[in-house]
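# Descriptive structure summary
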Amino acid sequence: MDHIDILITLAKIVAAFAFLILGAAMTVLLERRVSAFIQNRIGPNRVGPGGLIQPFADVAKLVMKEDIVPRSANRFIHDMAPMISIGVALSTFAIVPFGNGIDIFGRHVKLMIADVNIGMLYLLALTSVGVYGITLAGWSSNNKYSLLGGLRSSAQLISYELSMGLSLIGVLMIAGTLRLDEIVLRQTQYIGGILPKWNIFLQPLGFITFVIASFAETNRLPFDLPEAEPELVGGYHTEYSGMKFGLFFLAEYANMITSSAIITTLFLGGWDVPYIEGLGLAPLTLALVQVGGFLVKVALVVLFYIIVRWTIPRFRYDQLMNLGWKVMLPLAIANALGTGLVLLLIA
Amino acid sequence: MGTNGKMIRRSDLGFWQKIYLPEIVKGLGLTIAQMFKPKITVQFPDERFKPEPSFRGRPVLVEENGVERCVACGLCARVCPALAIEVQASETPLEKERFPVKFEINMVRCIFCGFCEEVCPEEAIIMSNEYLLAFSSQQEALFGKDKLLKPASQMQDRLDWLRAHR
Ligand code: SF4
Ligand code: SF4
């Protein structure tokens, strides 16, 4: 590894993280506008054209606010919790392939920050670490609402992590690899020459269980029990103020983008734009179009996240647990077994 | 798509409703359809909401032929629950014999209840449709006769509405 390799990696890191942070800010705006439209309102449209500067104004406001820490809180952990949350969102994003590799300066550059050969395992491991951010925030605040929020989130995430992992087994068996870029490459072919061979078509059940589990993992409605406002004040972030609250907020949206990117990569063909090879584009243009395709897919999944939030009411805690253990887990196991059986029969 | 007040039991649900997903898709369709409906927001400083005659804005004194209708009976001051009105009576050569030398409403106290309008025997104080009432000092909020008087022609909407509904 020489200087240029290091530079390229640095450039990728800066680009991807800038995308994620800016994307999170834009997602906040998108969420506010879409929710307003769903409720026949207009939403924030004053700051900048169409309200585009609104999230930055919000951040400026949050930065200038006083950082209040409860006297009986554990200061160190209280400070650390939001960093864990945002850190997990950022580091999960590191393994997402943005596009097919490009040849530039005489070397082959893969459009992902970290080419981890156990990508899928890394993904599952990091989402488990994400629980700590929320649980520790709830515990260190020394507030019963926060603690309840933290407890709920750990229970919820542990229950749904199982079905999340199991629903990925089908994808794993089809692709035969844990590398995310390989998984995308496998999806670039066609079924019967017409339908793109995306995992959503091969693994519809796995797709549904994975998406539901992702909603639970990102604490989005209908699974936002850790911060259920009507019951728990603000849940785990009740005692957070200023930019530390802002970090949790950012982490929620960054997590949403990351999990949209993961869903896109694993099930929606990643950067694959179907039928494009027929156009005969130059390699660099092709790569750019594919990156664009990836971004569009991610944006659509994010939009789906938002619309779901403004449609479905929150689950009750027992319903959540019932769904997780009695429905999702058996479905995911059945899907894994069924996929295995079919693959065995084909082979 | 509502339940029309009927109670829905779990046993009433069909198979597709029990697996929940098709119903979620239906719900998503509903929300997406809402997104394209016309918006009800009034963008306040740029657009102004025009109240109906039944709207109770700030109370004003009706002015007819250059003088107020008020006969300074003091009923409005008496009935005002917020003690916002101050009337000082005096005599006048006009047919009505009495008139208010001082008529003052403290707009910080007024709660827009409309009791003054209801009690007035002369239909002299009525609620207008003005709602932009922001002040930077207590003094500014004391509305004397200069600010309260409004020609009857401008208040015709409200007067007609009062006739029709009382
Ligand atoms: S509207 Fe009510 S509160 Fe206001 S001046 Fe009239 S009686 Fe008093
Ligand atoms: S009740 Fe009517 S007439 Fe009597 S003082 Fe008030 S405004 Fe004047």
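Each remark here, short or long, concerns the structure printed above.
Residues numbered from 1 in each chain as written. Chains lettered and ligands numbered in written order. Predicted model: local features only at pLDDT ≥ 70, side-chain atom pairs only at ≥ 80, totals over all residues. Heavy atoms only, no water.

## Side note on the overall build of chain B
Under the convention used in this document: The helix count covers DSSP runs of H or I at least four residues long, the strand count covers runs of E at least two residues long, and both are numbered beginning at the N terminus. C-alpha atoms define the radius of gyration in this analysis, and the globule rule sets the expected value at 2.2 Å times the number of residues to the power 0.38. Using a 1.4 Å probe on the protein chains alone, a residue whose accessible area is under 20% of its type maximum counts as buried, one over 50% counts as exposed, and one in between counts as partly exposed. Residue contacts are counted whenever heavy atoms from the two residues lie within 4.5 Å of one another. Areas reported here follow the Shrake-Rupley algorithm with a probe of radius 1.4 Å; residue values treat only the protein chains shown as occluding. Note on charges: Lys and Arg go in the positive column, Asp and Glu in the negative column, and His and the chain ends are not counted at all. Here the site of a charge means NZ on Lys, CZ on Arg, CG on Asp, or CD on Glu.
Helix and strand counts for chain B come out as 6 helices and 7 strands. Listed by position from the N terminus, the elements making up chain B come as α-α-β-β-α-β-β-α-β-β-α-β-α. Radius of gyration (C-alpha) of chain B: 26 Å, far over the 15 Å computed for a compact globule of 166 residues. Each principal axis of the C-alpha atoms in chain B carries an extent, and together these give about 85 × 35 × 30 Å. By residue count, 30% of the 166 residues in chain B fall in the buried class. Of the contacts made within chain B by residues no fewer than 6 positions apart, 72% connect residues no fewer than 24 positions apart. Accessible surface computed for chain B: about 11,000 Å², of which carbon and sulfur atoms make up 55%. If you average the places of the 23 positive and of the 22 negative side-chain charges in chain B, the two averages end up 12 Å apart.

## Topic: the site of ligand 2
For the record, the criterion: The nearness test applies per residue and asks whether one of its heavy atoms lies within 4 Å of the molecule or strand. As a working rule, the residues Ala, Val, Leu, Ile, Met, Phe, Trp, Tyr, Cys and Pro are called nonpolar, Asp, Glu, Lys and Arg charged, and the rest polar, with Gly in that last group.
Close to ligand 2 lie Cys70, Val71, Ala72, Cys73, Gly74, Leu75, Cys76, Phe103, Cys120, Pro121 and Ile125 of chain B. Partitioning the shell around ligand 2 into residue classes produces 10 nonpolar, 1 polar and no charged.

## Describing helix 10 (residues 242–267) of chain A
Residue and element names in this part refer to chain A. Threshold: Take the number of residues in a helix, subtract one, and multiply by 1.5 Å to get its expected span.
Across its 26 residues, helix 10 extends 37 Å between first and last C-alpha, which sits within 8% of the 38 Å expected from 1.5 Å per residue. With respect to burial, helix 10 is a largely interior element, 21 of its 26 residues being buried. Once helix 10 finishes, Gly269 follows within two positions and takes phi at roughly 80°, a positive value.

## Quick notes on the interface of chain A and chain B
Going by this rule: Summed over both partners, buried area is the accessible surface (1.4 Å probe) that two parts give up on being assembled. Salt bridge criterion: a side-chain nitrogen from Lys or Arg within 4 Å of a carboxyl oxygen from Asp or Glu. Here a polar contact is recorded for every N or O atom pair within 3.5 Å, except that within protein the pair must consist of a potential hydrogen donor and a potential acceptor, and residues adjacent in sequence are included only if both atoms are side-chain atoms.
Across the contact, 16 residues belong to chain A and 16 residues belong to chain B. Roughly 1,500 Å² of surface becomes buried between chain A and chain B when both sides are summed, with 68% attributable to carbon and sulfur atoms. Sorting the residues of chain A by area buried against chain B places Asn40, Ile42 and Arg46 of chain A first, and these three jointly supply 35% of that buried surface. Between chain A and chain B we count 1 salt bridge in total. We note a salt bridge from Asp46 of chain B to Arg46 of chain A, for which the minimum N-O separation is 3.3 Å. If you look at where chain A meets chain B, you find 7 residue pairs in polar contact (both at pLDDT 80 or more). Secondary structure elements with two or more residues in the side of chain A that touches chain B: helix 1 (3–38) and helix 11 (283–309) of chain A. Grouping the amino acids of the side of chain A that touches chain B by side-chain chemistry returns 11 nonpolar, 3 polar and 2 charged.

## A closer look at the side chain of Ser159 of chain A
Residues and elements named next belong to chain A. Of note, Ser159 is situated in helix 5 (residues 144–175). Side-chain polar atoms of Ser159 contact the backbone oxygen of Ala155, separated by 2.6 Å. Residues in contact with Ser159, not counting those within four places in the same chain, are Met321 and Trp325.

## Overview of the site of ligand 1
Every residue close to ligand 1 is listed here: Cys80, Pro81, Ile85, Cys110, Ile111, Phe112, Cys113, Gly114, Phe115, Cys116 and Met127 of chain B. The residue makeup of the shell around ligand 1, split by class, is 10 nonpolar, 1 polar and no charged.

## Some points on unusual backbone geometry
Residue and element names in this part refer to chain B. Despite not being glycine, Asn65 has its phi angle at roughly 50°, a positive value. Topologically, Asn65 is positioned in the loop between strand 1 (59–64) and strand 2 (67–68). Owing to a relative accessible area of 80%, Asn65 belongs among the exposed residues under this scheme. The backbone phi angle of Leu83 is positive, close to 50°, even though this residue is not glycine. Looking at the element boundaries, Leu83 is found in the loop between helix 3 (75–79) and strand 3 (85–91). Using a relative accessible area of 58% as the deciding quantity, one classes Leu83 as exposed.

## Some points on the nonpolar core
Note the threshold: Here, the term nonpolar core denotes a set of buried Ala, Val, Leu, Ile, Met, Phe, Trp, Tyr and Cys residues that are joined through side-chain atoms within 4.5 Å.
Judged by nonpolar contacts, the single largest core of 72 residues is most densely connected at Phe93, Tyr160, Leu168, Phe210, Phe223, Ile263 and Leu266 of chain A. Examining the composition of this core, we find that 11 residues originate from one element, helix 10 of chain A, more than from any other. Apart from the residues within four sequence positions on either side, Phe93 of chain A is in contact with Ala16, Phe19, Leu20, Phe98, Ile257, Thr258 and Ala261 of chain A. Counting 19 residues, the second-largest nonpolar core is a separate cluster that includes Ala82, Cys116, Ile125 and Phe143 of chain B.

## Comments concerning the pattern of salt bridges
Applying the stated criterion to the full structure yields 20 salt bridges over all chains. A salt bridge links Arg58 of chain B to Glu130 of chain B; its shortest N-O distance comes to 2.7 Å. Of this pair, Arg58 of chain B sits in the loop between helix 2 (21–35) and strand 1 while Glu130 of chain B sits in the loop between strand 5 (125–127) and strand 6 (142–143), and the two are 72 residues apart along the sequence. Glu64 of chain B serves as the salt-bridge partner of Arg69 of chain B, at 3.0 Å between the closest nitrogen and oxygen. What makes Arg69 of chain B buried here is its relative accessible area of 15%. Sharing partners across several salt bridges, the network here consists of Asp67, Arg75, Asp79 and Lys244 of chain A.

## Considerations on the pairing of strand 3 of chain B
Regular strands have side chains that alternate between both faces of the sheet. All names here are of chain B. Short version of the rule: Pairing between two strands is assigned when DSSP locates at least 2 bridges connecting them.
Summarising the sheet, strand 3 and strand 4 (residues 98–106) pair through 7 bridges and their orientation is antiparallel. Across the sheet, residue Ser90 finds its bridge partner in strand 4, namely Phe99. Two successive antiparallel strands, strand 3 and strand 4, enclose a turn made up of 6 residues, where Glu97 displays a positive phi of approximately 70°.

## Digging into helix 2 of chain B
A rise of 1.5 Å per residue sets the reference length of helix 2 of chain B, with its 15 residues, at 21 Å; its end C-alpha atoms lie 21 Å apart and thus fit the reference within 8%. Where the residues of helix 2 of chain B are buried, they touch helix 1 and helix 11 of chain A.

What is shown is where atoms sit, not what they do.
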